[in-house]
Amino acid sequence: MKRYAVIGAGPSGLSAARALQLRGIDVEGYEASSGVGGLWDIDNPRSTMYESAHLISSRTTTEFAEFPMDSDVDYPGHRALKAYFDSFADAFGLRDLFRFDTRVTRLEHGADGGWMLHAEGLEPRRYDGVILANGTLAEPHIPSFPGEFTGEIMHTSAYKRAGQLTGKRVLIIGAGNSGCDIAVDGVHHAASVDMSVRRGYYFVPRYIFGRPSDTLNQGRPLPARLKQFIDTRVLKAFTGDPVRFGFPKPDYRIYESHPIVNTLVLNHLGQGDLRVRADVDRFDGPTVHFRDGSSGEYDLILLATGYRLDYPFVDREHLHWEQASPKLFLNVFPASFNGLYVIGMIEASGIGWQGRFEQARMLAAYLAADEERAAAFRARVGGQPWPDTTGGYRYLGLDRMSYYVNKDAYRSVVRAAIRSLEA
């Protein structure tokens, strides 16, 4: 029987282990931390979680379909989610499949087509394939700026609790979901909070008409341009125009970049608790100069500048990297079919953990398929144009958008691939 390894015991790694388990495929997992949950385990040394973090997609659109959360909370916090992953792992015996406190250091491709896995404290072990599920939000993207700042600079990955901001003049560079969460934390603890932004954003309320906003329009998806037209006007009716609060006007349509699910930040801007500043031009001691000619003095700069993909234990050539991300068929399969697979290298509004589990189901269906179906699948990947998973949206050409998909288009193609492998 062939044997496969899974690296990571967060939502993606648990998805992979469960999908292979259901197919009766021999699988062993490796997790550098002491338990399951990945970044949702705030006690995991590699976690980028912070105390005020909650889901930005609602519970019912995020949970695993076969294992609903035992909760009626619409947007659970990270501790509830860690408990959920513990329960999920225990319900299906997944914990027994993993070696915890075991960091993978190297993957080497063998002459026989298999992979030698090197991990701290263990002898090398051979696997017929390895599934990379170590997440997308662990390696901070830290940009450089001209000049020198003499205060404290910290990436949001090192932010854990609001007490870190107490009494400080804080500048947050970037206004993604984490940056906006931390800005809201800061207004209750910091001496002042400014946000430096270089592009506009769309702000989505958590509730519309009294329901979680992402549970609306869950039927047949609207064409991209029609949905953008309707939702832009709905957002203006519910949240107003963010330009009023100092944000630049977006130079793209809604859903062409990930929206901000946080309207509290707009409330605090309207109350004068926060201030939006222009993009940073340079540092000069405690002073930050902005590109509109203004400046300000700060004690702490928080870089809400996102993350970059990182699979440090395997050479990039094996994952067919192109600039910011690997080029993989449906974000899972290298076209060379070299025995490496990736689960979780996907971002999409509303894709949820079920979307990642469907990725894993597709992979498991391929690994379990007879040779005729598997060969036909490989031939399609190597000989036909890859399907369009944008859903008609023109995503911004940013590094963090290089593996972005439309959830409806993507899941439709994945489900069709599963059917073809099972037929």
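Everything that follows concerns the structure shown earlier in this document.
Within each chain, residues carry numbers counting from 1 in the order of the written sequence. Residue-level local features of this predicted model are given only where pLDDT is at least 70; pairs of side-chain atoms are given and counted only at 80 or more, and the full residue set underlies all totals for whole chains, interfaces and linings. No hydrogens and no water enter the side-chain calculation; it runs on all heavy atoms of the structure.

### Let's talk about the overall build of the protein
- By the criteria applied, helices consist of DSSP H or I runs no shorter than four residues and strands consist of E runs no shorter than two, each listed in order from the N terminus. When its secondary structure is counted, the protein shows nine helices and 23 strands.
- The globule rule puts the C-alpha radius of gyration for 423 residues at 22 Å, and the 22 Å found for the protein is close to it.
- C-alpha atoms of the protein, sized along the principal axes, occupy 65 × 50 × 40 Å.
- Within the protein, buried positions represent 53% of all 423 residues. Only C-alpha atoms enter the radius of gyration; for comparison, a globular chain is expected to reach 2.2 Å times N to the power 0.38, where N is the number of residues. Note on classification: 1.4 Å probe, protein chains only; a residue is buried when its accessible area is under 20% of the maximum for its type, exposed when over 50%, partly exposed between these limits.

### Some details on the sheet that holds strand β6 (residues 125-127)
- Strand pairing is defined by DSSP finding a minimum of two bridges between the two strands. Judged by pairing direction, the sheet is antiparallel, and its three strands sit side by side in the order β4-β5-β6 without closing on themselves. In this open sheet, the two strands that pair with only one neighbour each are β4 (104-109) and β6. With direction set aside, neighbouring strand axes in the sheet form an average angle of 30 degrees.
- Relative to β6, strand β5 (residues 115-119) runs antiparallel, the two being bridged by three bridges. An axis is simply a line fitted to the C-alpha atoms; with a helix, the fit covers only the stretch in contact. Between two such axes, the angle follows the N-to-C directions and lies from 0 to 180 degrees.

### Let's talk about the sheet that holds strand β12 (residues 192-196)
- The strand order across the open sheet formed by five strands is β10-β19-β11-β12-β15, and the pairing between neighbours is parallel. The open sheet terminates on both sides in strands that have one partner only, identified here as β10 (152-155) and β15 (275-277). Adjacent strand axes in the sheet meet at a mean angle of 25 degrees when their direction is disregarded.
- Note: strand β11 (residues 169-173) against β12, five bridges, orientation parallel. Pairing of R169 across the sheet is with S192, part of β12.
- The contact rule is simple, with two residues in contact once any of their heavy atoms fall within 4.5 Å. The strands that helix α4 (residues 177-186) touches are β11, β12 and β19 (300-303); relative to β12, the one it contacts most, it runs at about 160 degrees.

### A few points about the pairing of strand β17 (residues 287-290)
- Alternating residues of β17 divide into T287 and H289 and V288 and F290, and every residue in both groups is buried.
- Where strand β16 (residues 280-285) lies against β17, four bridges are found, and the strand directions are antiparallel. What sits directly across from D284, in β17, is T287.
- With antiparallel pairing between neighbouring strands as the criterion, β16 and β17 make up a hairpin whose turn holds one residue.

By themselves, these are just geometric observations and shouldn't be taken as functional.
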